[in-house]
Amino acid sequence: MPSPDAAARHTGAGVARRQAHHERMRDERAREAAAGDAELPPEDDAVEMASAAQLLDSVAEVGPNYTLLRSKETKAKRRKRQREDARAA
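Residues numbered from 1 in each chain as written. Predicted model: local features only at pLDDT ≥ 70, side-chain atom pairs only at ≥ 80, totals over all residues. Heavy atoms only, no water.

Quick look at the overall build of the chain now. When helices and strands are counted, the chain shows four helices and zero strands. Each helix and strand of the chain, placed in order from N terminus to C terminus, yields the pattern α-α-α-α. Taking all 89 residues of the chain together, 0% fall into the buried category. With an accessible surface of roughly 9200 Å², the chain has 53% of that area assigned to carbon and sulfur atoms. (Helix = DSSP H or I, 4+ residues; strand = E, 2+ residues; numbered from the N terminus. Buried < 20%, exposed > 50% of the residue type's maximum accessible area, 1.4 Å probe, protein only. Areas by Shrake-Rupley, 256 points an atom, 1.4 Å probe, with all protein chains shown as cover.)

In structure tokens, the structure reads:
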């Protein structure tokens, strides 16, 4: 039985747009390589090892994205309230 991926076929206008984009990018990379402007990977000496502790120390955990939301009601109080509500009902 052939795999479903083998039978899958992309159709529509997006296929042509994607192909045109890939061709433009391939041409741009070829021009950069011919001109010598292509970015080279960093030298081995340029890579610096850092410990996890150093990285965590450099990240400030401040601001709205890092604050923990405090519950207005603790779990114990909520459960107690729910038990009382269940008894009253």
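Resuming the write-up.
Per the stated rule, a full pass over the model turns up two salt bridges. With its nearest N and O atoms 2.9 Å apart, the salt bridge here joins Glu73 to Arg81. Given the relative accessible area of 35%, Arg81 is considered partly exposed. In this structure, Asp85 engages Arg81 in a salt bridge whose closest nitrogen and oxygen atoms are separated by 3.6 Å. Of this pair, Asp85 and Arg81 both sit in helix H4 (residues 75-88), four residues apart, which is roughly one turn of that helix. Residue classification places Asp85 among the partly exposed positions, given a relative accessible area of 43%. Salt bridges here are not isolated pairs; linked through shared partners, they connect Glu73, Arg81 and Asp85. (Salt bridge = Lys/Arg side-chain N within 4 Å of Asp/Glu carboxyl O.)

Let us now look at a positive patch on the surface. On the surface, Lys75, Arg79, Lys80, Arg83 and Arg87 cluster together to form a positively charged patch. By secondary structure assignment, the location of Arg79 is in helix H4. (Patch = residues over 30% accessible without salt bridge, like charges linked within 9 Å, V, L, I, M, F, W, Y side chains within 5 Å. Lys, Arg positive; Asp, Glu negative; His and termini not counted. Charge placed at Lys NZ, Arg CZ, Asp CG, Glu CD.)

Compared with the 33 Å implied by 1.5 Å per residue over 23 residues, the 33 Å span of helix H2 (residues 13-35) between its first and last C-alpha is a close match. Immediately beyond the C-terminal end of H2, within one or two residues, lies Gly36, with a positive phi of roughly 85 degrees. (Expected span 1.5 Å × (residues − 1).)

This next bit is on the confidence of the model for the chain. On average, residues of the chain score 79 in pLDDT, and 69% of them reach the 70 mark or higher. By mean pLDDT, the top-scoring element of the chain is H4 (94), and the lowest-scoring one is helix H1 (residues 4-7) (62). (pLDDT = per-residue confidence, 0-100.)

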